[in-house]
Structures are given as structure tokens and as C-alpha cells.
4 protein chains.
Amino acid sequence: MSNNLVGIIPPLITPFVDDEVSTEKLLENLSKYESHMLSGYVLFGSNGESVFLTREEKLKIVQTVREHTSRTLVVGTGWDSIKETISLSNEAAELGANYALVITPSFFKSEMKHRSFLNYYTRVAESVMIPIIIYNVPKFTNVNIEVETIIELSTHPNIIGLKDSTENPSRISELKANVHSGFKLIVGTASVLYSGLLSGASAGILALANVAPDHCYQIYRFFKEREFDKALEFQNKMIPVNKAITSKFGVAGLKAAMDLLGYFGGSPRLPLEPLNEAQQIELKMILKNASLID
Amino acid sequence: MSNNLVGIIPPLITPFVDDEVSTEKLLENLSKYESHMLSGYVLFGSNGESVFLTREEKLKIVQTVREHTSRTLVVGTGWDSIKETISLSNEAAELGANYALVITPSFFKSEMKHRSFLNYYTRVAESVMIPIIIYNVPKFTNVNIEVETIIELSTHPNIIGLKDSTENPSRISELKANVHSGFKLIVGTASVLYSGLLSGASAGILALANVAPDHCYQIYRFFKEREFDKALEFQNKMIPVNKAITSKFGVAGLKAAMDLLGYFGGSPRLPLEPLNEAQQIELKMILKNASLID
Amino acid sequence: MSNNLVGIIPPLITPFVDDEVSTEKLLENLSKYESHMLSGYVLFGSNGESVFLTREEKLKIVQTVREHTSRTLVVGTGWDSIKETISLSNEAAELGANYALVITPSFFKSEMKHRSFLNYYTRVAESVMIPIIIYNVPKFTNVNIEVETIIELSTHPNIIGLKDSTENPSRISELKANVHSGFKLIVGTASVLYSGLLSGASAGILALANVAPDHCYQIYRFFKEREFDKALEFQNKMIPVNKAITSKFGVAGLKAAMDLLGYFGGSPRLPLEPLNEAQQIELKMILKNASLID
Amino acid sequence: MSNNLVGIIPPLITPFVDDEVSTEKLLENLSKYESHMLSGYVLFGSNGESVFLTREEKLKIVQTVREHTSRTLVVGTGWDSIKETISLSNEAAELGANYALVITPSFFKSEMKHRSFLNYYTRVAESVMIPIIIYNVPKFTNVNIEVETIIELSTHPNIIGLKDSTENPSRISELKANVHSGFKLIVGTASVLYSGLLSGASAGILALANVAPDHCYQIYRFFKEREFDKALEFQNKMIPVNKAITSKFGVAGLKAAMDLLGYFGGSPRLPLEPLNEAQQIELKMILKNASLID
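Everything numeric here is computed off the predicted structure, so don't read it as measured data. (Residues numbered from 1 in each chain as written. Chains lettered and ligands numbered in written order. Predicted model: local features only at pLDDT ≥ 70, side-chain atom pairs only at ≥ 80, totals over all residues. Heavy atoms only, no water.)

Participant: Just checking my understanding: could you explain the overall build of chain A for this structure?
Facilitator: Within chain A, the regular secondary structure consists of twelve helices and ten strands. Relative to the 2.2 N^0.38 estimate, which gives 19 Å for 294 residues, the radius of gyration of chain A is 18 Å and therefore close to what a compact globule would have. C-alpha atoms of chain A, sized along the principal axes, occupy 50 × 45 × 40 Å. Residue burial in chain A is summarised as follows: out of 294 residues, 66% are buried. Residue pairs in contact within chain A that sit at least 24 positions apart in sequence constitute 71% of those at least 6 positions apart. Accessible area of chain A: about 10300 Å², with a carbon and sulfur share of 49%. Computed over 28 positive and 32 negative side-chain charges, the separation of the two mean positions in chain A equals 4 Å. (Helix = DSSP H or I, 4+ residues; strand = E, 2+ residues; numbered from the N terminus. Rg over C-alpha atoms; globule rule 2.2 N^0.38 Å. Buried < 20%, exposed > 50% of the residue type's maximum accessible area, 1.4 Å probe, protein only. Contact = heavy atoms within 4.5 Å. Areas by Shrake-Rupley, 256 points an atom, 1.4 Å probe, with all protein chains shown as cover. Lys, Arg positive; Asp, Glu negative; His and termini not counted. Charge placed at Lys NZ, Arg CZ, Asp CG, Glu CD.)

Participant: Explain the sheet that holds strand β10 (residues 203-205) of chain B here, please?
Facilitator: Pairing between the strands of a sheet comes from backbone hydrogen bonds, and it takes one of two forms, parallel or antiparallel. Residues and elements named next belong to chain B. Reading across the sheet, the eight strands line up as β1-β10-β9-β8-β7-β6-β5-β4 and stay open at both edges, with parallel pairing between neighbours. The open sheet terminates on both sides in strands that have one partner only, identified here as β1 (7-9) and β4 (40-43). Sheet twist, expressed as the mean angle between neighbouring strand axes with direction ignored, is 25 degrees. Pairing of β1 with β10 involves three bridges; the strand directions are parallel. Across the sheet, Gly7 pairs through a bridge with Ala203, a residue of β10. (Pairing = 2+ DSSP bridges. Axes fitted to C-alpha atoms, helices over the stretch in contact; angles between N-to-C directions.)

Participant: I keep staring at the pattern of salt bridges and nothing clicks. Help me out?
Facilitator: Between side chains of opposite charge, pairing is possible as soon as their charged atoms come close. Tallying each qualifying case throughout the model produces 68 salt bridges over all chains. Between A:Arg123 and B:Asp19 there is a salt bridge, with the nearest N and O atoms lying 3.6 Å from each other. Of this pair, A:Arg123 sits in helix α4 (residues 114-127) while B:Asp19 sits in the loop between β2 (16-17) and β3 (20-21), on two different chains. For B:Asp19, a relative accessible area of 30% translates into the label partly exposed. Between A:Lys248 and A:Glu282 there is a salt bridge, with the nearest N and O atoms lying 3.2 Å from each other. Of this pair, A:Lys248 sits in helix α10 (residues 228-248) while A:Glu282 sits in helix α12 (residues 277-289), and the two are 34 residues apart along the sequence. Judged by relative accessible area, which is 35%, A:Glu282 ranks as partly exposed. Several salt bridges share partner residues, and in doing so they unite A:Asp19, A:Glu20, A:Glu57, A:Arg269, B:Lys83 and B:Arg123 into one network. (Salt bridge = Lys/Arg side-chain N within 4 Å of Asp/Glu carboxyl O.)

Participant: Help me understand the interface of chain D and chain C in this model?
Facilitator: Interface size is commonly expressed as the accessible surface area that is lost when the partners come together. Facing the 37 residues of chain D at the interface are 37 residues of chain C. Carbon and sulfur atoms make up 62% of the area that chain D and chain C hide from each other, which totals about 3500 Å². The largest per-residue losses of area from chain D upon contact with chain C belong to D:Phe107, D:Phe108 and D:Leu270, which jointly make up 21% of the total buried on that side. Viewed at the interface, chain C and chain D are joined by eight salt bridges. In this structure, C:Lys83 engages D:Glu20 in a salt bridge whose closest nitrogen and oxygen atoms are separated by 2.7 Å. Viewed at the interface, chain C and chain D are joined by twelve residue pairs in polar contact (both at pLDDT 80 or more). (Buried area = accessible area lost by both parts, 1.4 Å probe. Polar contact = N/O pair within 3.5 Å; in protein donor to acceptor, adjacent residues only side chain to side chain.)

Participant: I would appreciate a short explanation of the relation of the copies chain D and chain C in the present structure.
Facilitator: Relating one copy of the chain to the other requires a rotation about an axis plus a shift along that axis. The transformation that overlays chain D on chain C combines an axial shift of 0.0 Å with a rotation of 180 degrees, and the residual RMSD is 0.0 Å. Overall, the copies show the geometry of a two-fold rotation axis. No C-alpha of chain D approaches the rotation axis more nearly than that of D:Asn142, which lies at 3.8 Å. In this assembly the copies share their binding face: 100% of the residues contributing to the interface of chain D also contribute to that of chain C. (Least-squares fit on C-alpha atoms with pLDDT ≥ 70 in both.)

Participant: Can you walk me through the nonpolar core in this structure?
Facilitator: Generally speaking, nonpolar side chains in soluble globular proteins are found buried as a group. Core analysis: the largest hydrophobic core is formed by 222 residues, its most contacted members being B:Tyr121 and C:Tyr121. Other than its neighbours up to four places away in sequence, B:Tyr121 contacts B:Val102, B:Ile103, B:Thr104, B:Pro105, B:Ile132, B:Ile134, B:Tyr135, B:Ile145, B:Leu153 and B:Ile159. Of all hydrophobic cores here, the second largest spans 220 residues; its members include A:Phe222, A:Met258, A:Leu275 and D:Ile134. (Core = buried A, V, L, I, M, F, W, Y, C linked by side-chain atoms within 4.5 Å.)

Participant: Is there a simple way to think about the interface of chain A and chain B in this case?
Facilitator: Each partner contributes residues to the interface: chain A has 37 residues there, and chain B has 37 residues. Carbon and sulfur atoms supply 62% of the area buried between chain A and chain B, which totals about 3500 Å² over both sides. On the chain A side of the contact with chain B, A:Phe107, A:Phe108 and A:Leu270 bury the most area, a combined 21% of that side's loss. Connecting chain A to chain B are eight salt bridges. On inspection of chain A and its partner chain B, the count reaches 13 residue pairs in polar contact (both at pLDDT 80 or more). Those elements that provide at least two residues to the side of chain A that touches chain B are α2 (55-68), α3 (82-94), α4, α5 (138-141) and α11 (250-260) of chain A.

Participant: How should I be thinking about helix α11 (residues 228-248) of chain B in this particular structure?
Facilitator: Along an α-helix, residues three or four apart share an orientation, since each turn contains 3.6 residues. Residue and element names in this part refer to chain B. End to end, α11 covers 28 Å across 21 residues, agreeing with the expected 30 Å (1.5 Å per residue, within 8%). Buried residues of α11: Phe228, Ala231, Leu232, Gln235, Asn236, Met238, Ile239, Val241, Asn242, Ala244, Ile245 and Thr246, and no others. One or two residues past the end of α11 sits Gly250, with phi positive at roughly 65 degrees. (Expected span 1.5 Å × (residues − 1).)

Participant: What is the right way to look at the packing of aromatic side chains in this model?
Facilitator: The relation between two aromatic rings is expressed through the spacing of the ring centres and the mutual angle of the planes. Counted by the stated rule, this structure contains 43 aromatic pairs over all chains. Between B:Phe222 and B:Phe234, the ring centres sit 5.6 Å apart and the planes meet at 40 degrees, which makes this aromatic pair tilted. Of the two residues, B:Phe222 is situated in helix α10 (residues 213-224) and B:Phe234 in helix α11; the sequence distance between them amounts to twelve residues. B:Phe222 gets classed as buried once you look at its relative accessible area, which sits at 9%. The rings of A:Phe52, A:Trp79, A:Phe140, B:Phe107 and B:Phe108 are connected pair by pair, giving a single aromatic cluster. Positioned above the aromatic ring of A:Phe222, the side-chain terminus of A:Arg221 is 4.6 Å from the ring centre. Taking the ring centre of D:Phe249 as reference, the NZ or CZ of D:Lys248 above it sits at 5.9 Å. (Phe/Tyr/Trp six-rings, centres within 6.5 Å; stacked < 30°, edge-to-face > 60°. Lys NZ or Arg CZ within 6 Å of the ring centre and 35° of its normal.)

Interpretation in functional terms is not warranted from these geometric data alone.
Encoded structure:
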């Protein structure tokens, strides 16, 4: 199964209609993605607004998506509460999730060190019936799990990969040189997809793949074909778009871009807010410049 | 009711036996606190390991504690998910909670600004049946809610106070000068209890009050009697202890100190770990130096 | 001499005319300050744009100011280069400086710890012919010197005080309880002048004292007379002004306020820029609301 | 001349004997480097302890090194003081420096934004007689110059490159796609040499090149020959060494490694300290594992 963690995997956004989860809109988006070269889907990544969803909403989404795709499903189940992390992972597994994506605990920042991570992830791995993927995203957690810790955790049979959302590919290459070949290294942000792949990553879980799945795939394909210059060219074309839907406009920007590109995006939940008019115009221009819209 | 938010309020730790919540131990601690000059209790503050508790565990604790005290109960109910925040607040209210303590949302850090906080807290305040208290704790959230935002929120009839866990009392004095008299300003860390009170705070919600409720009360009492030098003397005596149970040893230190002082502390949940032997010896020495133990 | 480090001390701004230091304008400002209740002057504090001045400019300023006042002169001489710090301190001493204010070295942030500071400050103290004052300003240096380190350094006969520009007065009270009575604790930011004095500080080195020397002095005087409520009232009145000339508009705001209040402010040096028109209007309004101008 | 900013360039350490600059030891090191495939030298990079050197020491070093090599000399001349930056750059130029490496001003962090950087660098570029290279090193400055700002500055005829010491190669690729071909992009840390080159960098200014100039050159050479797997292999072998001489042990580690490898390293200046014995042993092991010593 871990052979599936290759290529491009979008972390699906969560559509809301009148502030409630719309599985209908989610399935509309999904049916479009099914015809693209994608290797699977992540549910409840950061940009899926997982922190705004209730447990019930999450389980309903897992079930619904699982019924409509045979592709790999990676489900974000991690939180500071190890108890919740384990039980949600196992319930998701029963509903057909293939992997549990477990974000680093982070509330007690100053105490999140080597041993804390070892203990936490080992316990989770031993208690969850599907393989787990470590998720490192300092931009949101203000915590960073060290390469040394990941190397040690990689020997656990039920910890099978890392999604790394730093923009530092030297972490990927250092890990690649020190973990067994079955341990998957996954780039977590499109800005370093190209250099991540060249450093040893096997896949990308990329917000950008929600709006430009084919462009992301081209970067991956050209990399596989060792057409590195072409891969870099595609990568560079996507950088302004990727910035717009991440650091510049955040989830609201990602959702607005989806609306402009024929998917359903809609509004994020509070405390996030939809883009204002000026931001929408700027976003449109960025998508135009990248030839994603006319 | 908001008259109750004066004086000293401990944010109760959550006792675990074999990693499960022990309401028995919690009640043992509570019965001891009932004979001290405390104005109420906080359930599920940061040091109550609220991020490690499930919803069911939280509700059971609220119910149990409510049945055994008539004092004010402030219940930590906030999280990034506004939906969870509102529903947990209302369920806690039905079980007898008097106030909902709502931590700032913080996952999407760079977007947590004036308007996001206004929208979020206003919606929460309108949807919750008990008054809410804003909880600002940048040490754990890496987000800071500005004085200007709090001033604006203070005009909402169902937002009745702030627990501020920065160590900057100029925030308290600036707020004091700009909010109506019913809006309660609560110091969230013992290190600035003295200067917070002198700057306009009415109360302290202090981890230290779990282990040294009387000393905390003395600081408060001497302040009320305008015996400022004596208040400062008590404050200074407590600083090393307060450091030990917060920045130095964290929740594990707080729990270890409780064990040494005749309360039940026990171990924190993973990823936190209990103190090692060397740390225990150091902690003992600190408590001795402060004359809390012989 | 260290008896002089009490009361209010403005860290003088450096006036530029056509981007060159104007000692003429500096003396004009100085002659105004001489008639106010100020205990001395700081040259080359952070807001004096010390990082933009050459060594020659600094020495010229020390000499000029010394010739025109008999008040205490504290001269900022510290930098990462211990060699430069020592030689500038001694040259300033020869020109009549009374104290050297030595900012924490900070370039190699992650290595600036207990022992580094001990070694650095001990060497400086032993090599400089006037007493030195430690200057802690994490806002600019991203480095914080711990209370424990200061306590250890306070025993050195030639280290006679601390200017602390954090906004955390618990540092002041903890130090007060642990250093000898001759070691001076000086508040470095007006936002916590009131609570700093109540926590054991003897003086304030305050950017605000450049524009509102009398108001600062009133806070100090009422504190000395144990009229704490009046002190707090003055303090609160000054908070918006202090914010405007520090966190909100920085050195450019401080200089613009001086221009509006009858002193010479002028423009800061590059890379800083003078306020634009909208900012000037906002600043004027803030000064008006505080009754500093009509 | 800007054709020279390709390949590997070590930022030379500054040797001290009895705490004084030893040009003798510096020349000994230099004569060794002259026989390696290096494209030039940086004087007064961060690891050259530039912040600990006086102006006189710097000028003496420039003169001495210039007399003993015909290779490109890049001289670090930047500081917050624009006046000092310009005059030091011009004096270094007269002594034969080819480029001035100008670190971002950073003291007033919160005000170091797009316009401040534009104004500062434009003024410097117009006033300095040799071409300047922007130096971005957030690890030490806590300030980051945005890609957009660099793109704008790249059009100035006297600003001819960037040394970027973040570990994020997407900055390099984004710049590469947006600046003219003569603008040189230089990787500032060996951890991302490989991915930086693959993203469009022409050169590396690397602390690691002080201790392992040939290994660094191999990474560069294999990259040029499009033997990317071999380049990555060399890169990975160097990662533990690079960590040891940067994040783990800092300048003291770099200097200790030089001593172990036949160069002169010696001790850093205060407040830095030489490695203790345990650290020396650990460092030796790391160099052994990388086959740099037996």
C-alpha cells in the first residue's frame, strides 16, 4: 500500500454551504479530480480546515469520500490529545482510510523535544490499525521535529512516512540517506516540490494540487523523466499561484481560486474570512498570469 | 455573578490514574481547596491539560466538580473550532458552569488579527448561554490579542472579562482605563500577580494557587489592604516556586509539587513526561527554600 | 555617583540636519531639558539611533553634551565587538561620561547564554574605567539575559545596574529581592514605569521622557509620595502617546512628536523614514487627546 | 568580473592568536586554499566573526589577503549604519576588494520592510565604487528580505547579486525566473547547495568550504556535469559535518574542525567560547564518519 504514496496528492478543501459541511459539493470536486493523474487524497490537512471540523463531520466525510473513490485515502487524525488521535485514527480506518496523518503535538511547545515525540508517536503507532505518517508543519504549530527524531521513528513498522511542510529540502535529502527505502518522504508545500523530489521525496501533498492538479503532475512527471529543466519551468510558473493560495491569502484564497477554476470553493469558517473584492481581483490577475484562466 | 471574579482562583490540574481521569483524586484535591480563601475554580486551563482531554472526560469533570462545590466554576471551552467551542460551552453551562473561558483561536496564526477575533468572539458570545471570558496566552498559542480588540469586545454584554497570561501589566492598566467597570481583568500568571493587581486586575487565575493557595491569597489580601510592601514580599517569595511549576518544569513540575505538598498530582499524559529524579530533587529544594515544605 | 540613577532620564534622540549630526539642535533640546526634573541623560540608546552613528560622531556628541550639562551622563557603548565596546567606553569616560550602558551582544543569538554573558560582561567591567550598566532589550536584539545571570553579574564591583526594556516587571521584583542595594534597576520603557517602580526600580530611561518629561516625572513623584492611584492615572494617560512613539511609529514617530512639541526632532537616518502625512495627522491627534498639544 | 561569482567560495574565518588578529595564520590558511578549486574568498562573513572586528582590523585583513591572491575578493562591509557601510566599502575597494557584501540592516526589525530595504540598498549602491551583493541571513538578523524586493533591486546596475542564507531554494528558483541573467544568486549555506544549484544558483559561499573545499567543489562539479545523483551523494555525506560547524557548534566548531584538518582555527573571540572536551570528541567523530580524518 505504501507504494501508493508517490506522485501528487491534493489535501482536499472542505466545502461549506451556509457554514455546514457540504458532502455534495465535496463529491462534485472529487469527481473532477478522479480524472486527473492524482495518486490519492488527503482529508483534513491544514488547508482542509481540520481544526474547524467536529469529529462527526470528519467521520461523515471519510465515509462519503471512501464510497466514491478507490484511490488512497490519507486522513488527518492527529492532535495534542493522544487519546483522540488514536480513536479517530481507528474509526477512520474502519471507514476505509489507508493512512493516518498525525501532526506533531504542539501546545506545550517548549517541551516538545526528541523524547516527547518518540514517546508520542510510538504509542500512536502501536495503537492504530493503519500505518501512520508524521506531519511536520512548523508554520502552524511553531514546533519542529528534528531529522534525528524522524530517523529513529522510521524504524517502527507502523510509521511509514513523513509529510514535511518546511521549505527546507535538505531535511528530505538527509532523511533519504538515513531511512529504509520503504519510508516515504512527502513534500508538504508546492514551493519546494521540484527541489524536494530532486532531494529524494516520492510524493507531494500540495494545496496547489486542489487548483492546478495537472501542473503539479507535470512537475512530477518531468522529474521522473529526468527532464529537470522542464520540471523547474513548470515549478516556477506555479510559484506565484502557490503563494497566493498559501502565505498571501491563505485558505480563503485557496477556496476563491477553486471557485474561479470551476471547482467549488466557497467560504472558510470563522475566524477565517472570505477574500474581499480587491483581493479577489488580485487573485484573478495572478491566475491569469499563470494561464490558469483567460 | 461577575462579582465573583475577584481574588484567587486556581486552574485545577487534572489527575490521572493509569492514564485515565480520576474524579476521585480530583475530589480529594477539591475538598482541600474548599477550606482555603479561593473564589472559584477553573477547569481546563492550559495546565489542566485540557488539550489532552476528550469531550466526554471534560463533561464528566464539570458535572462532578459542580456537584461538590458551590463556588464559581470557570470552564475552558475554547478551541479553533467555533462549533465545538459553542457546543461545549453550552453543555458545560447546562452542567452548572458559570463562565466559559475561551482561548484565542490560533492555528492560522498569521491571519488571527483584529477582525478575525472580533468576528469569532462575537459569534461565540451570541451563541453561548453563559458569559464568556477571553483567554490570551501567547506562550502557548503564539498569537496575541491586542488591547484595542479587547476594548471593542468588552462592550458586548456577554463578554465579561479577560484572562491575560502575558507578563505585561501595562495591558491591564491600559484596559482598566478603557473598559466599563463590570469587565473583569484577570491576571493569568503568578509572576505578575502583584503588579497586575496594582494595575487594575480584580483576580488571578494562577497555576501557583494549586500548590500555594494561601500565599497567593496573602498577596491579594495585602494588596486590598494597601499593604503593598508586604504584598510584594509574599510575591517575591513565590517567584522561584512559580518558575519551577511553569517555565522550568511545566505541568509535570506542577503535578510533582502537588504530590510533595499533600495534594494528588500524579503524571501528566503523553507527550508530557513526569519529572526525573534529578528534577524532583531540585524541585524539593525550591519548595524547601520557600518554606512550603520542611 | 550611583545615587544619581534615580528618577527620570531621557535617552536623547540624535538630531540630523541634511543627514549630518547637528550638535546645535542637540544643544537646543538639551537646554530645554535642563529646566525639567530630570536626573541625567542617556546618549546612544536604541532610539538615539546609535546603530546609525559613527564612532567619531558619538565622541563628538559626548564631548558637546558634557560641556553643557553637569547632570549624569550615561553613554551607550556596547556592541557585539568587545574590543570596540571597551575602547569606546573608555574614550567616552575620558570625555566625561559617568556610566557605560552596554547592550547584550546578540549576533550569534543561539549561543548567547549564561556563560557567554558572564564572560563578556566581566571582561568589559574589568577593562572599563567607569561603572557599567547592563542593557537588555529583546525587542531589538532577540536575545534575553536571564535574571539568574544578572544576579551573578551584580556582584561585580564595576557592574552597577540594569536597564531592562522588557515589559515584565516580575524581572525587576525578582532582581530587587536578590541583588545588593547599590545595584540599580532601571525601567527601560514607559509602558511599565508605574509597575516597575512599584516592583523595585529606582529610575526610568524612557523614550517618552524626550517628549513628556514632566508627565514622566509626575509618575515618579507620585510613586515616591505613595500616591499610587495618581501615579497610575498619569501612567494611563501616557500609554497612547508612548505607543505612538515606540511600537506604532518608532523613532520617526518620536522625532515627529518632538517637532510638534517644540523640540527639534527632524528625520531619522536611512533605512528609517520620516512619517508620511497620514501618520503625522494620527500622531497629532494622539498628542491632542493626551493634552500635550492643543 | 561578475562572471567570477560561480563555483565555491569560502567565507574565511578570522584567526586570533592571544585574542589578536593573526594575519600570519590567515595567510597560512590562504596559501592552502590557493591550490584548491575555489573561485574566490569572502572576508567578514558571519562566520568570519565580522561583528567582533574593528574597522582597522578589517582593513588590514583586506590589504593582506589582496596582496597574496589574485582571486575574487568579496568583502562583508554592511551594517545598520549606512554611513559606515559606504565608507568601509569604499576603503575596501581601494584596497582591492571586488565586491561589497552588504547584510540587511536589522536593528529596527519591525520597520525593515520593502521600502526601507529599497531605499537603503539603492543609496549604498549609488555611493559605493564596487558592485554590491545583498546578504540575507535571517538566522542572525531575524529579518528577511522578500523576493519581490530583491527583484526590484536587481535592476540597479551596481547591485549584482544575492547571497541567500535561508535554507529555502524556492527563493532561488523564483528569483532566477525574474532577474536578468547577470544577477548572481549565491547559496549561503551548504545544507542546500545541491538544491540551490538545481534551482538556479551559480555559486555557494559556504562555511563548509573552509574545512572541506574539495567536497564542496565536487557537489558543484557533478551538478555542472548533470551527474545529479553523484552531486546528491556528496551533499548527503557533508550534511553532518555542515551541521556540526554551523547550527550545532557554531563558529567555535568551525574553528575546531579547521584545527583538526590541518588549517589554523584557534579560538573565537568573546562572547563566543572554544569547544569543551566533550564537544571536541563529538566533532572528531563526525569528521571521522565523513572520512575527513582517519
